[in-house]
Amino acid sequence: MYDVVDQRRVISFTIAIILFILAFLGPAAILLPLKTGFITREAELIGTSGWSLITGGIGFLALAAVFVLFAVMENQKKKWTFSLVLLAVGVTGILLTVKDYYYYTPEHFVINGPFTLTSETYEWSDFESVTENLAKEGGTLYVESLEFKMRDGETYHFDRGMILQRYQPIISAVTASGGEHIRNGG
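Nothing here was measured: the structure is a model prediction, and the numbers come from that model.

**Brief notes about the sheet that holds strand β6 (residues 140-150)**
Then, in step 1: Across the sheet, which stays open at both edges, the 4 strands sit in the order β7-β6-β5-β8 with mixed pairing between neighbours. Looking at the sheet topology across the chains shown, the edges are occupied by β7 (155-158) and β8 (180-185). Averaged over all pairs of adjacent strands, the angle between their axes in this sheet comes to 20°, without regard to strand direction.
Then, in step 2: Pairing geometry for strand β5 (residues 127-137) and β6, over 10 bridges, is antiparallel. For Lys-136, the partnering residue across the bridge sits in β6 and is Leu-141.
Then, in step 3: Together, β5, β6 and β8 form the strand contacts of helix α4 (residues 168-176), whose direction differs from that of β5 by roughly 140°.

**Points about the sheet that holds strand β1 (residues 45-47)**
Strand pairing in a sheet is mediated by backbone hydrogen bonds. Such pairs are either parallel or antiparallel.
Then, in step 1: Judged by pairing direction, the sheet is antiparallel, and its 4 strands sit side by side in the order β1-β2-β3-β4 without closing on themselves. The strands lining the two open edges of the sheet, one partner per strand, are β1 and β4 (120-123). Sheet twist, expressed as the average angle between the axes of neighbouring strands with direction ignored, equals 10°.
Then, in step 2: Where strand β2 (residues 101-104) meets strand β3 (residues 108-112), 4 bridges bridge the pair, whose relative direction is antiparallel. Within β3, the position partnered with Tyr-102 by the bridge is Ile-111.

**What about the environment of Thr-118?**
Then, in step 1: Looking at where Thr-118 falls in the secondary structure, it is placed in the loop between β3 and β4.
Then, in step 2: Put simply, Thr-118 and Gly-139 are 21 residues apart on the chain and 42 Å apart in space, counted from C-alpha to C-alpha.
Then, in step 3: Contact partners of Thr-118, with chain neighbours within four places excluded, come to Ile-111 and Asn-112.

Parameters and conventions
Residues numbered from 1 in each chain as written. Predicted model: local features only at pLDDT ≥ 70, side-chain atom pairs only at ≥ 80, totals over all residues. Heavy atoms only, no water. Pairing = 2+ DSSP bridges. Helix = DSSP H or I, 4+ residues; strand = E, 2+ residues; numbered from the N terminus. Axes fitted to C-alpha atoms, helices over the stretch in contact; angles between N-to-C directions. Contact = heavy atoms within 4.5 Å.

Here you go:
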């Protein structure tokens, strides 16, 4: 017959295994839909950086480690100290994943980049230029990256994601508001 300590260890390991699996699936399967559910319905495109998946994965791994510590560590002081540190890392990683996004509407562009908790909202007149960096592969011309230069001095670089496929409305809005459209390469 199992005693209470063994049952707690089994439960802790079970939760740790679930969180370990979520470290690989959770950022894309849970956190990304959760994040997009709270963004305005007027958004024509919602995207995130690759860091979003990494920070979320690290967050879930840190939470899994908390439950492993509770299952194996006997020293109460060390267990709680390490657990609180790992809990802080886990919550921070998941929070950074949820707060990493960009989107545009007909009126503006909003970005909350990786490793930041505050977003920036830009009207189309706030753009100085949009640069398409083109490349050629096998005779086919494609957009390798985009660069948004803002009038406040900020520059945003996108080299992957949905924005590389659906950026034409941004160019139209920026040029209509007096910004410049630049094409490099090709």
